[in-house]
Amino acid sequence: MSLNYYDLILPVVPKGTFTYTSEHDIPVGSRVKVFFGSRIEHGIVKGKADKIHPDISYKNINEVLDDKPVFPEKYLTMFNKMSNYYQTPLGIAMRGVLAKSILSSERLDVDCDISDKSILLSLSNDQHSVYASLTKIIDSGFSANLLHGITGSGKTEIYIELVKECIKKGKQVIYIVPEISLTPQIVQRLSERLGFSVPVYHSKLSPKRKQKVFWGFNSGCYPLVIGARSALFIPSDNIGLIIVDEEHESSFKQEESPSYQLRDMAVMYADILNVPVVLGSATPSVESYFNALNGKYRYLELNKRFNEKQLPEIKIIDLKTSDIIDNLLSVKLYDKIFEKIKQNEQVLLLLNKKGYSKHLICKKCGTTLQCLNCSIALTYYKKGDYAKCSYCGEIYKFFKCSECGENDFLDFGHGTEKAVEILRELFGDTVIKLDTDSVTSHKKMQSILNDFYSGKYNIMVGTQLIAKGFNFPEVTLVGVLNIDNLLSLPDFRANERAYQLLMQVAGRAGRFIKKGEVFIQTYNPEMPVFQLLNSDSEKFYMEELSRRKEHDYPPFMRMVRIIISDTKEDRAKKTMETISEKINEAKSSETKTLGPSPAPIFKIKNRYRYSFIIKTPNVSRIQVLGRIARENFEVLKKGNMQLKLDVDPYFFM
Ligand SMILES: Nc1ncnc2c1ncn2[C@@H]1O[C@H](COP(=O)(O)OP(=O)(O)OP(=O)(O)O)[C@@H](O)[C@H]1O
Ligand SMILES: [Zn+2]
């Protein structure tokens with residue numbers, strides 16, 4: 001019998017494709033089980049082997065798991081493109097997007113009795129005209145569409161109608177939202193409107209749940225899956241539409257390898273599948289806005305709230321000239337809150353920092369308490385009396401000053417825990433907190449939201465979590481206690497992020513009958529972002545784009561950030577220097593580089609970090625320069641030194 005040679009993608013470092021043999025004809029996209037060294041691994045058949053070396057004796061494939069392929073060829077094309085663009089070996093890319101429990105799981109027969117009991121709702125005229133132009137795209141091949149609709153304009157309703165239309169045509173929909181485990185109401189809303197319990201997929205599900213949704217969608221039985229990033233990677237050959245809600249969210253950029261940007265992957269995948277993709281947001285990313293301006297994306301706008309309610313006016317409170325209570329609350333905002341509570345209305349307060357205090361400072365010598373593994377000031381948590389590193393998660397129960405050995409500290413800067421303490425002193429126990437510390441589970445999140453929704457509390461204070469698409473009818477006041485820390489980050493998107501966060505949180509006020517008000521406290525009222533909040537959003541995007549152009553930032557330039565990290569500081573430094581020299585020698589004149597320099601957070605988990613940034617208008621240069629970095633790194637690397645190549649980076653710390 002003749003032997004077939006197959007290239008397999010295996011979820012292993014470093015390269016990820018390996019040649020194995022089989023006597024059987026195995027279709028591309030099938031899952032197989034093999035011995036890899038002494039381990040068992042599960043992988044995917046990528047195709048017949050490109051090259052066979054006569055003197056290598058290849059191992060045999062132990063078992064074929066599927067009688068028909070699970071991963072369509074277009075899926076594998078997408079996978080290849082992702083691996084190329086993000087400069088990540090296929091094996092690592094695979095590990096990053098497919099759970100091991102899926103690769104090895106038995107195909108499940110999922111019961112999919114999904115009957116259409118959807119609830120009808122009539123769209124407003126504005127919604128209808130956007131919907132009408134979007135329904136045309138279904139069945140018309142690839143198109144990328146940006147739906148820019150202000151907060152409360154009814155974007156979600158349009159997505160729902162599109163989903164229904166697609167299902168009617170017998171096609172499946174992938175619906176992506178950021179951090180779905182933190183936003184349970186969207187699932188409830190979709191399920192109610194569509195009339196069936198919508199399957200949810202994200203990385204925190206149990207393997208069993210994951211398998212059920214995966215096979216349910218893969219078999220074509222579930223017409224829709226809603227999920228976080230990983231939902232994009234459930235294969236099926238009947239996908240008709242991809243929706244990415246809150247497309248501006250930076251959590252769509254995956255930090256670990258493969259550090260893909262989900263929005264960009266969704267557009268790339270839709271192009272390969274030849275289906276439409278809809279990106280929606282009240283505050284689109286500058287990149288997407290730019291793509292719409294230059295015609296790459298179709299631009300659709302909803303500039304009125306669904307119920308004709310006005311957007312609240314945003315007022316700035318200058319903390320430099322205000323009387324401030326407990327270093328937290330200006331008297332003006334205090335009076336407003338007091339007034340709202342008297343009328344039994346609700347208030348959302350944003351504070352962009354968890355924990356009790358931002359820093360602990362030694363009372364004797366003034367040293368800031370730092371993590372021993374990272375160059376990061378520790379956050380103090382009063383409940384539990386410990387300090388914690390927000391990077392490595394290390395908890396310090398007993399701590400003393402690293403300089404003088406004293407253990408008497410001043411807590412400095414307010415986190416949400418301290419804000420709640422102060423607010424309870426001022427307003428009584430009508431205050432509840434919402435941040436990732438208080439949300440220990442899905443259930444807990446639901447119960448906090450329900451309690452607030454039902455009016456048990458008047459004030460909810462929290463981190464950016466409180467800005468996430470909530471519909472609280474009684475919220476008539478939104479206060480931003482401080483976001484100055486966000487604006488001072490060394491990140492070219494800091495301004496954009498602040499704008500988005502402020503517009504999103506402001507959008508939670510006055511969504512229903514009562515009028516909303518928004519106050520932002522800041523020590524820097526002169527910052528440009530504060531001037532643009534009440535004007536036409538076009539003004540913000542145009543100003544931001546011209547700033548980016550002037551300074552050679554995306555979307556005018558592509559960026560790659562290279563990080564070398566090592567437990568030995570000088571080794572990391574030298575390696576980064578050599579690699580940056582090689583890149584500088586090879587770069588063309590339109591390519592610019594920054595660094596090498598120590599990363600803003602110089603040490604994380606005991607690894608010293610050096611960074612180097614490449615900016616180029618030419619996408620293909622990214623591949624070339626990236627290869628130079630990787631090849632030189634392979635030669636230079638010692639011990640457990642690591643290279644990170646981040647294409648289109650979002651994190652600059
Ligand atoms: N056609 C409609 N008929 C009845 N209610 C609607 C309609 N469209 C929207 N609504 C209601 O208006 C509110 C805002 O709509 P929705 O949440 O869809 O807006 P959005 O644009 O997605 O908001 P955001 O970006 O602020 O999250 C919701 O309570 C929704 O139920
Ligand atoms: Zn740490």
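The name given to the protein in an unreviewed UniProt entry is Replication restart protein PriA, with Flexistipes sinusarabici as the source organism. Taken from UniProt, the Subunit (unreviewed entry) comment for the protein reads in full: "Component of the replication restart primosome."

> Help me get a handle on the overall build of the protein, residues and values and all.
For the protein, the count of helices and strands is 18 helices and 29 strands. Scaling as 2.2 N^0.38, a compact globule of 653 residues should have a C-alpha radius of gyration of about 26 Å, and the protein matches this with 26 Å. Overall, the protein is about 85 × 65 × 50 Å in size when its C-alpha atoms are taken along their principal axes. Classification of the 653 residues of the protein by burial places 55% in the buried group. Considering only contacts within the protein whose residues lie at least 6 apart along the sequence, 75% involve residues at least 24 apart. Total accessible area computed for the protein in this model is approximately 28600 Å², and 49% of it derives from carbon and sulfur atoms. Taking the average place of the 89 positive charges on the side chains of the protein and the average place of its 77 negative ones, the gap between the two points comes to 2 Å.

> Before we move on, can you summarise the layout of surface pockets with the specific residues and values?
The calculated volume of the second largest pocket comes to roughly 720 Å³. For the second largest pocket, the lining is made up of 28 residues, of which Y85, D264, N291, K296 and R558 are closest to its centre. Elements with a minimum of two residues in the lining of the second largest pocket: α1 (73-85), α8 (262-273), α9 (286-293) and β26 (558-566). The element contributing the most residues to the lining of the second largest pocket is α8, with 6 residues.

> I'd like a rundown of the domain arrangement of the protein, residues and numbers included.
Taken domain by domain, the protein comprises domain 1 (4-103), domain 2 (125-302), domain 3 (314-354 + 415-545) and domain 4 (558-647). Between domain 3 and domain 4, the C-alpha centre-to-centre distance is 39 Å.

> I'd like to hear about the coordination of the zinc ion (ligand 2), residue by residue, with values.
Here the zinc ion (ligand 2) is held by the protein donor atoms C371 (SG), C374 (SG), C389 (SG) and C392 (SG), which lie 2.3 Å from it. One way to put it: the 4 donor atoms around the zinc ion (ligand 2) meet at angles of 106 to 118°, and that makes the site tetrahedral. When the donors of the zinc ion (ligand 2) are listed by position in the chain, the intervening gaps give C-x2-C-x14-C-x2-C. Among the residues examined, C389 registers a relative accessible area of 1% and is labelled buried.

> Explain the UniProt feature "domain: Helicase C-terminal" (unreviewed entry) in the protein residue by residue, including any values.
The UniProt entry lists residues 394-548 under the feature "domain: Helicase C-terminal" (unreviewed entry), expressed in the numbering used here. Secondary structure content for residues 394-548 is 37% helix and 19% strand, and the end C-alpha separation is 37 Å.

> Kindly report on the nonpolar core, identifying the contributing residues and their values.
Across soluble globular proteins, you tend to see nonpolar side chains buried next to one another. Among the nonpolar cores identified, the biggest contains 73 residues, and L232 and I242 are the most heavily contacted of them. Among the elements that line this core, the one with the most residues is α8, at 9 residues. One finds V286, M445, A467 and L486 within the second-largest nonpolar core, a separate group that totals 43 residues.

> Any details on the UniProt feature "binding site: Zn(2+) 1" (unreviewed entry) in the protein? Residues and values, ideally.
Under the feature "binding site: Zn(2+) 1" (unreviewed entry), the UniProt entry names C362, C365, C401 and C404. A maximum C-alpha distance of 8.6 Å is found for the annotated residues, which run over 43 residues; spatially they form one tight group. Residue placement: C365 occurs in the loop between β17 (357-362) and β18 (379-381). You can call C365 partly exposed: its relative accessible area is 38%. Contacts of C365, omitting those with residues within four sequence positions, involve C401, E403 and C404. By relative accessible area, C401 is classed as buried at 4%. Once residues within four sequence positions are removed from consideration, C401 is found in contact with C362, C365, T367, L369, E406 and F409.

> Go over the packing of aromatic side chains with me, naming the residues and quoting the values.
Summed over all chains, the structure comprises 26 aromatic pairs. Relative to Y269, the ring of Y75 lies with its centre 6.3 Å away and its plane at 85°, an arrangement referred to as edge-to-face. In this pair, Y75 is assigned in helix α1 and Y269 in helix α8, connecting sequence segments 194 residues apart. Take Y75 and Y269: they sit in the same class, and that class is buried. Aromatic pair Y159 and Y175: ring centres 5.7 Å apart, planes at 85°, arrangement edge-to-face. Here Y159 is found in helix α5 (residues 155-168), whereas its partner Y175 is found in strand β7 (residues 172-176), with 16 residues between them in sequence. The pair formed by Y159 and Y175 is uniform in burial state, with each residue classed as buried.

> An account of empty space enclosed by the protein is requested, with residue identities and associated values reported.
Under the counting rule described, the total for this entry stands at 1 cavity of 30 Å³ or more. Put simply, the largest cavity is a space of about 50 Å³. For the largest cavity, the full set of lining residues is H248, S250, R263, S285, E287, R493, E496, R497, Q500 and Y650. If you tally residues by element for the lining of the largest cavity, the top one is helix α14 (residues 494-506), at 3 residues. Classifying every residue of the lining of the largest cavity gives 1 nonpolar, 4 polar and 5 charged. Counting residues domain by domain, the lining of the largest cavity receives three or more from each of domain 2 (125-302) and domain 3 (314-354 + 415-545).

> If you had to explain the pairing of strand β6 (residues 143-149) to someone new, which residues and values would you point to?
In terms of residue burial, β6 counts as a mostly covered element, since 7 of its 7 residues are buried. Note: β6 against strand β11 (residues 276-281), 6 bridges, orientation parallel. Note on β11: the bridge partner recorded for A144 is V277. When β6 meets strand β12 (residues 298-302), the two strands line up parallel, connected through 5 bridges. Bridging from a neighbouring strand, H148 pairs with E301 of β12.

> Now, about the side chain of R609: what can you tell me, with residues and values included?
With respect to the element layout, R609 can be found in strand β28 (residues 607-616). Within the structure, the side chain of R609 is placed 2.7 Å from the backbone oxygen of I601, a separation counted as a polar contact. When near neighbours in sequence (up to four residues on either side) are disregarded, R609 contacts R561, I563, I564, S565, S597, P598, A599, I601, F602, I604 and M653.

> Could you give me a rundown of the sheet that holds strand β16 (residues 346-351), with the residues and numbers involved?
Strand-to-strand pairing in sheets goes through backbone hydrogen bonds, with the strands running parallel or antiparallel. The parallel open sheet is built from 6 strands, whose spatial order is β13-β25-β24-β16-β23-β22. Two strands bound the open sheet, and with one partner strand each, they are β13 (314-318) and β22 (431-434). The average undirected angle you get between the axes of adjacent strands in this sheet is 20°. Relative to strand β24 (residues 475-482), β16 runs parallel, the two being bridged by 6 bridges.

> Break down the site of ligand 1 for me, citing the residues and quoting the values.
As a matter of local geometry, ligand 1 sits amid 20 residues, with S122, K155, T156, R189 and R511 nearest to it. Measuring from a nitrogen atom of ligand 1, one finds a side-chain N or O atom of Q127 at 2.8 Å. Take G154: an N or O atom from its main chain is 3.0 Å from an oxygen atom of ligand 1. In isolation ligand 1 has 630 Å² of accessible area, and contact with the protein removes 85% of it.

> Give a description of the sheet that holds strand β9 (residues 224-227) that names residues and reports values.
Strand order in the open sheet formed by 7 strands is β8-β9-β7-β10-β11-β6-β12, and the pairing between neighbours is parallel. Of all strands in the sheet, those bounded by a partner on one side alone are β8 (200-201) and β12. Here helix α6 (residues 184-194) sits on the sheet in contact with β7, β8 and β9, set at roughly 160° to β9.

What counts and how
- Residues numbered from 1 in each chain as written.
- Chains lettered and ligands numbered in written order.
- Predicted model: local features only at pLDDT ≥ 70, side-chain atom pairs only at ≥ 80, totals over all residues.
- Heavy atoms only, no water.
- UniProt positions renumbered as here; feature names shortened; annotations may be inferred.
- Helix = DSSP H or I, 4+ residues; strand = E, 2+ residues; numbered from the N terminus.
- Rg over C-alpha atoms; globule rule 2.2 N^0.38 Å.
- Buried < 20%, exposed > 50% of the residue type's maximum accessible area, 1.4 Å probe, protein only.
- Contact = heavy atoms within 4.5 Å.
- Areas by Shrake-Rupley, 256 points an atom, 1.4 Å probe, with all protein chains shown as cover.
- Lys, Arg positive; Asp, Glu negative; His and termini not counted.
- Charge placed at Lys NZ, Arg CZ, Asp CG, Glu CD.
- 1 Å grid on protein atoms, 1.4 Å probe; cavity = no way out; pocket = protein on both sides within 12 Å on 5 of 7 lines; lining within 4 Å.
- Points joined across faces, edges and corners; volume = space filled by probe spheres on them.
- Domains from an automatic or database assignment.
- Donors = N, O, S within 2.8 Å, 3.2 Å for Na, K, Ca; no water.
- Tetrahedral: all angles 85-135°; square planar, octahedral: opposite > 155°, others 65-115°.
- Core = buried A, V, L, I, M, F, W, Y, C linked by side-chain atoms within 4.5 Å.
- Phe/Tyr/Trp six-rings, centres within 6.5 Å; stacked < 30°, edge-to-face > 60°.
- Nonpolar A, V, L, I, M, F, W, Y, C, P; charged D, E, K, R; others polar.
- Pairing = 2+ DSSP bridges.
- Polar contact = N/O pair within 3.5 Å; in protein donor to acceptor, adjacent residues only side chain to side chain.
- Axes fitted to C-alpha atoms, helices over the stretch in contact; angles between N-to-C directions.
- Near = heavy atom within 4 Å.

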